[in-house]
Structure formats: C-alpha cells, structure tokens
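Now for the letters of each chain:
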Amino acid sequence: MTVRFTKGHGTENDFVVVPDLDGRLDLTAQQVALLADRHAGIGGDGVIRVVPTRLADEPDVLEQAGAAEWFMDYRNADGSLAQMCGNGTRVLAAWLRREGLIGDGETAIATRAGVRRVRFEGEEVVTHMGAWRLVHGDEVAERGADSLVHVEEAEEIDEPYSALSLDLGNPHTVVALPPEVSLDGLDLTRAPVVRPAPREGSNVEFVRVLGPGHLAMRVYERGVGETRSCGTGVCAAALAMGIWSGAADESTQWRVDVPGGSLRVRALPGREVELAGPAVLVADGETSLL
Ligand SMILES: N[C@@H](CCC[C@H](N)C(=O)O)C(=O)O
C-alpha cells in the first residue's frame, strides 16, 4: 500500500506527516517504526497521522470532534503512542494550512491530551499547550521540590540528580544541572534512569540557566532517544525552573535553547502555558507501507 507523506520539523524535532483524510489507515507500530527509521525509512523522531477527529477510533479523541476538526495521531519513532507533541502541533498546523484544510486564523487540534489551540504569528506558530500539573503536587508543597524524584544519567552512574516531574499532557522529568556538570558533556545515548520509575515512562530534560528567563536544554524523549528539541519538554523545563524560583504561576516568559534551535515559553494564569516557535515543511513524497 502506498501513502503520501510530508517530512517536517520544529526546531529539528522531525516528523513524518501522513495524511489519512478518510480515516482508513490503521498504522501498526512496525509500520510507524519503519517510517521513522533514518536508514531504512523516511526518518523522524515521530509520525503524525492526520485524520478528521470524527473518524478517530479512540473514544477520548472522538469526544473532541465538536471542538476540533483534525486529530494529531502522534506516534513515537519506536511505534508507541504519545498523548501530545508540542513541536508536532506547529508542524501539523503548517501542513493543514498549506493543504488549504484550515485558514490563517486560530485552529483547534485534537490530541490524546485534549484540544490544543494553535495560531500563526508571522514566521512563528504559537500553541496554547493547555494546563500543566506537578506530578507529586502535594508532596512538593509539603517537602519542597528537590528530594522527591531522582534521575541518573545512566544505570551504572550512581550520582543521582534531584528532579521535578510535570505533566504537560505527557510525562516529563526535569533536572536542573548542578553548575559543575556540563550540559554538552552528558551522555544521552542511553536512557536516563528515573526513580521512582514513572508508570508510563517519562521524557527527561536536563536544563542549565543561561541568564534571566533564558535556559539551555537537552532532552531524552520517551520512545525515541535524544532528540534535538521537544516542545512539551521545553515547557516542562521552563515551568520547573519557575517552580524552583517561585515564579511559575505568573506571566513569566522564557527562551529555551535546544540543539535544534530556540523556542519561547509563556506561563499563563491558571497553570496554563503557551509555546512559540518555527514549523518547517521540508519535502513531500510517497512511500509504500509493508
Ligand atoms: N517531541 C514532542 C514530544 C513527543 C512525545 C514524547 N516522546 C512522549 O512519548 O511523550 C514534543 O515536541 O512535545
């Protein structure tokens, strides 16, 4: 079977966008992994199947059909499902606009984490990322943010870093690197170990403060490995920094530099957050699915 695809990226977090406008494409995990394979397939950190929300086969998504015409069916490169992808929402919106399926105004996109609103602002695309929450909220309030979650860079390195777990629709664990540890020097060829182990796994972000409201971040994405950017991860990193400094609930803004570029994060009142950055459509083609 042959499918149409577009390769796109947001700060070099890259995706294979596969339109499924009549909702007939039942992508298996193996097919996704092959599409995402950088040697044997098209290559990407994830695959985005674009499907009308009313044709989605997941009840929680179908419920969003009245609010959002299009569903971002996001899969990680290993074929696993993910609830949300911040960079993916911008690339999907750029693709929908180019295809004439949406206009220039704000659009709503259904995701497994609920509806996300996306708008175009000049060269940038801005996503309202919805509500965020602290995973260990009550304990953080009682015991402070530092001692609850630990991350080891890899299994055999036994110097854990203190971390904070946040839910952005998908799970994140953020480490503020101690000053003596080099962000560039981290070995992210293997998955960092999070303790206690989150039930559904976690994306892990390592962060360094570069200046007021300015961070640098590297990320190990669940279901992928190290990627050059992660939109939900950038939001989690900025918010964690805000929590550690006591400013996450205010209208604070951050610039977060990642290996693939730079993104802007704005904390909104009511524990919501917004992400802004580029979206690039690189190439179009056809490929066969085995
Ligand atoms: N890169 C994405 C997040 C993709 C999903 C993630 N790997 C997960 O499994 O939660 C982003 O830009 O947010």
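Residues numbered from 1 in each chain as written. Predicted model: local features only at pLDDT ≥ 70, side-chain atom pairs only at ≥ 80, totals over all residues.

Peer 1: Would you mind showing me how to read the nonpolar core here?
Peer 2: Across soluble globular proteins, nonpolar side chains show a tendency to be buried alongside one another. Counting residues in hydrophobic clusters, the biggest one holds 76 residues, and the most contacted among them are Val17, Leu92, Val234, Cys235, Ala237, Ala238 and Val256. No other element matches the 8 residues that helix α5 (residues 231–245) contributes to this core. A domain split of this core shows at least three residues from each of domain 1 (2–129 + 278–288) and domain 2 (133–272). When residues no more than four places from it in sequence are discounted, the contact partners of Leu92 are Val17, Ile48, Val50, Met72 and Ile109. (Core = buried A, V, L, I, M, F, W, Y, C linked by C-beta atoms within 7 Å. Buried ≥ 20, exposed ≤ 12 C-beta atoms within 10 Å, placed from the backbone. Helix = DSSP H or I, 4+ residues; strand = E, 2+ residues; numbered from the N terminus. Domains from an automatic or database assignment. Contact = placed C-beta atoms within 7 Å.)

Peer 1: Can you help me understand the domain arrangement of the protein in this one?
Peer 2: For an interface, size is often stated in terms of accessible area lost upon the parts coming together. Parsing the protein into structural domains produces domain 1 (2–129 + 278–288) and domain 2 (133–272). The C-alpha centroid of domain 2 is placed 24 Å from the C-alpha centroid of domain 1. Taken together, the contact pairs 20 residues of domain 1 with 18 residues of domain 2. Grouping the amino acids of the side of domain 1 that touches domain 2 by side-chain chemistry returns 7 nonpolar, 10 polar and 3 charged. (Nonpolar A, V, L, I, M, F, W, Y, C, P; charged D, E, K, R; others polar.)

Peer 1: Before we go on, may I ask you to explain the pairing of strand β18 (residues 272–277) in this structure?
Peer 2: Regular strands place their side chains on alternate faces of the sheet. Burial along β18 is one-sided: Val273, Leu275 and Gly277 are buried, while Glu272, Glu274 and Ala276, pointing the other way, are not. With 5 bridges connecting them, strand β17 (residues 261–268) and β18 associate as antiparallel partners. Its bridge partner lying in β18, Arg266 is registered against Glu274. Counting the residues that bridge the hairpin from β17 to β18 gives 3 residues, and of these Gly270 lies at a positive phi of roughly 80°. (Pairing = 2+ DSSP bridges.)

Peer 1: How should I be thinking about the UniProt feature "binding site: substrate" (unreviewed entry) in the protein in this particular structure?
Peer 2: Summarizing the sequence annotation, UniProt attributes the feature "binding site: substrate" (unreviewed entry) to Asn13, Asn76, Gly86, Asn87, Asn170, Asn203, Glu221, Arg222, Gly231 and Thr232 in the numbering used throughout. Tracing the chain through its elements places Gly86 in helix α3 (residues 86–98). Using a count of 29 C-beta atoms within 10 Å as the deciding quantity, one classes Gly86 as buried. Excluding residues that lie within four positions of it along the chain, Gly86 makes contacts with Thr127, Met129, Gly231, Thr232, Cys235 and Leu275. If near-sequence neighbours (up to four positions away) are discounted, Asn203 is found in contact with Asn170, Pro171, His172, Val219, Tyr220, Glu221, Arg222, Cys230 and Gly233. (UniProt positions renumbered as here; feature names shortened; annotations may be inferred.)

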